Each structure stands twice: as C-alpha cells, then as structure tokens.
Amino acid sequence: MDPPRRKSRHAAEPSPIAGGGTSIVDLHTHTTRSDGVLEPIVLVRDVAALGVRQLAITDHDSLAAYRELSASPGSVPSDLELIPGVEINAISRDIPLLDGELHILGFGMDPADEAFEAALAAQRASRRRRFERTVARLAEVGMPIDAQVADIDLARDDALGRPTIARALIAAGQATSVEDAFRRLIGWGGPAYVPREGLGPVAAIEAITAAGGLPVLAHFSEAPGQLGLLRELRDAGLRGLEVYYRTFSPDTVALVADVAKRLAFIATGGSDYHGDLMTYAEAHATLNVPPSVAEATR
C-alpha cells in the first residue's frame, strides 16, 4: 500500500465548494470545550440563525458541550436538532499516513455511557500530556509560551489541542496564524512536534459503536486510493465517510462519494468549524451538505 500524501488539517485551506450557504446540516463543529473558539451556546445561536436544523458538536474526546446544552433549558432552539457528537484523533501506527492519525467522528452515542466516558477521559489525559510536552519542547527550542499558557483556563479546557498552543504562539509573537504555527513549529516534522498517544482507529470505532454511536471517518480525501484500508475499517465497524467536507473541491466530493457508495458507507458532511479563520457565517457560506444527510444519520 502506497502512503498517501496527506496535508495537515490546519494548513491553508483549499478553495471551498461553490454554491453552498443553504445547508441545513452541519455534523462537524468544535467549541471551547476542545479546540474551537466559540462557547457552545454561541455556536448553537450562530448555526440556528443561518438555518441549520441538525447540528453535531464534535469536540475532540469530549461530550461536554452536548451535556451542557442539554441540561440548559432553552439553550437549543426548538427547531434545531442537536445530536451527540465527538471526534477522536486515532493513532494509525500500522498505517502509512504522514500525520500518523485517522480522525473518527462519532454520532448518537449515549452520553451517560460510563465506559465511553472513561475512554474519552483517557484520551483527554493523553492530550494534556502532549500539551505539556509540546510547551516544554517549545521552551527548549527558544520559543517559550509559559506566560501565554498561564492565561488559559486549563481546568476548563479539558480536551487540550495543538490549536490552543498555536494561539499561544500567536500571542507570544512567535507565529502569525494557527496555520503558520502548525507549518513551522508544532505540525508533523516541526521542531516542537510531539507524537500523539491514545486509541487506534479500530479501538475508537469499537468504543463509539459500544456506546450506541455511528462511527464515521472524517475528511479522508485519500479514500479513492485507500480502498483496502477502508474495507478493513468497515469490517471493524466503520459505517460512514465524511463526503461533504466544507473544503473539499467538487471533484474530491464526487470521488469520495463514489467510494462511500461502493463500500455502502453512510455519507456525512460538515464544516469542521473551529473559528480561527472566519466567522461561522463565512464558513456556512461555503458549506454544501445535502438535506438527505440528516435522515441518514438518524
């Protein structure tokens, strides 16, 4: 199997899909409960104002946003369906990928499932260790960000990610953008890159499934050249493929959609909104997820 050429998800984005802006579904978003910039209630307000009627907040290794919103009467508009979501960055030790990871989305898990929450808690602990090691590595290469990290509420930011470090680098004057920080410093091959720990893709798929969820492989533009891998993951329980990813070109959408059809995967889609590059309104303007996706994920 030839290793695919894989770009960082935080690199400069390609030209987005034309003709979007009317999507009523977004199944890939992030909030301050992992590495996004908006509070959950703010994201919900913004997506609802733009006509989104089915939303998944897929914070990394955390269902905190879903739990908070569900426990707060009136925080979610009555015409917006909020479904439990998560994104697990799974380590692909035996799969030749540049970043060494596959991103597994989960939809519809039971938020009260104790075993699943234990698995997510272990993932978050691994994230914190990686965060601390990256901060230490940056100090070793002459780019300390201790003062900036001191301003972060680490107790609240339970699912710490590299975008948080990238923002600290920007505040310290060591990077010009999140993309710049990833490209030069903390991305794969950078002087402060620290390998991830945690679940592999099969274990992530199994954990999502055991909690009653739908496991989906996120933003895998390499899908047409990785049919063998996808069949293996399907045999392990993978049930979907993110086809309508906001920054996929129309050609890529068509190719990935063909793979999903051939392998009998459910097609999902979303913006992968974090908030560093644009407002949600700007992201939604280039989002093109068919309404049929909402029914497929129920």
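Attention in this report is confined to the structure presented alongside it. Predicted, not measured: the structure shown is a model, and the values here were computed from it.

## Thoughts on helix 5 (residues 162–171)
In terms of burial, helix 5 is a largely internal element, seven of the ten residues being buried. Regarding helix 5, the residues found buried are Arg162, Pro163, Thr164, Ile165, Ala166, Ala168 and Leu169. Against the buried residues of helix 5 lie strand 4 (101–107), helix 3 (114–140), helix 4 (146–150) and helix 6 (178–186). Gly173 lies just past helix 5 and shows a positive phi near 80°.

## Quick notes on the pattern of salt bridges
Overall, the coordinates contain 14 salt bridges when judged by the stated rule. One salt bridge in this structure joins Glu117 and Arg124, with 2.7 Å as the shortest N-O distance. Overall, the relative accessible area of 10% leaves Arg124 in the buried class. Several salt bridges share partner residues, and in doing so they unite Arg33, Glu39 and Glu68 into one network.

## Thoughts on unusual backbone geometry
For Ala264, which is not glycine, the phi dihedral falls at a positive 60°. Looking at the secondary structure, you find Ala264 in the loop between helix 9 (250–262) and strand 7 (266–270). Of the residues examined, Ala264 reaches a relative accessible area of 67% and is grouped as exposed. Its identity as a non-glycine residue notwithstanding, Asp272 has a phi of 55°, on the positive side. For Asp272, the position within the fold is in the loop between strand 7 and helix 10 (280–284). On the basis of relative accessibility, which here comes to 11%, the residue Asp272 falls in the buried class.

## Some words on the packing of helix 3 against helix 5
The geometry of helix 3 relative to helix 5 is characterised by a closest axis approach of 10 Å and an angle of 30° between their N-to-C directions. Relative to helix 5, helix 3 is oriented roughly parallel. Two packed elements cross with a definite hand, and for helix 3 against helix 5 that hand is right-handed. Counted together, Arg130, Phe131, Thr134, Val135 and Leu138 of helix 3 and Arg162, Thr164, Ile165 and Leu169 of helix 5 form the full contact between these two elements. Among the residues forming the contact of helix 3 with helix 5, the class breakdown is five nonpolar, two polar and two charged.

## Description of the environment of Val44
With respect to the helices and strands, Val44 occurs in helix 1 (residues 40–49). Residue Val44 is classed as buried on the basis of its relative accessible area, which comes to 0%. Setting aside its immediate chain neighbours within four residues, Val44 contacts Leu55, Ile57, Leu69, Ser75, Val76, Pro77 and Leu80.

## Quick look at the sheet that holds strand 6 (residues 240–245)
Ordered in space as 1-2-3-4-5-6-7, the seven strands form an open sheet in which the pairing is mixed. Edge strands, defined here as strands with exactly one partner in the open sheet, are strand 1 (25–29) and strand 7. Each strand axis lies, on average, 30° off the axis of its neighbour in the sheet, ignoring direction. Alignment of strand 4 against strand 5 (residues 214–217), held across four bridges, turns out to be antiparallel. Residue pairing for strand 5: Gly106 is matched across the bridge by Pro215. Sheet contacts for helix 7 (residues 201–210): strand 3 (81–91), strand 4 and strand 5; angle to strand 4, the most-contacted strand, approximately 5°.

## Comments concerning the packing of helix 5 against helix 6
Running from N to C, helix 5 and helix 6 cross one another at 100°; their axes reach a closest spacing of 9 Å. As judged from the angle between their axes, helix 5 and helix 6 are roughly perpendicular. Note on element contacts: helix 6 touches helix 5 through Val178, Ala181, Phe182, Leu185 and Ile186, opposite Arg162, Pro163, Ile165, Ala166, Arg167, Leu169 and Ile170.

Analysis parameters
Residues numbered from 1 in each chain as written. Predicted model: local features only at pLDDT ≥ 70, side-chain atom pairs only at ≥ 80, totals over all residues. Heavy atoms only, no water. Buried < 20%, exposed > 50% of the residue type's maximum accessible area, 1.4 Å probe, protein only. Helix = DSSP H or I, 4+ residues; strand = E, 2+ residues; numbered from the N terminus. Contact = heavy atoms within 4.5 Å. Salt bridge = Lys/Arg side-chain N within 4 Å of Asp/Glu carboxyl O. Axes fitted to C-alpha atoms, helices over the stretch in contact; angles between N-to-C directions. Parallel < 35°, antiparallel > 145°, perpendicular 65-115°, else oblique. Left-handed = near helix turned anticlockwise from the far one by under 90°. Nonpolar A, V, L, I, M, F, W, Y, C, P; charged D, E, K, R; others polar. Pairing = 2+ DSSP bridges.

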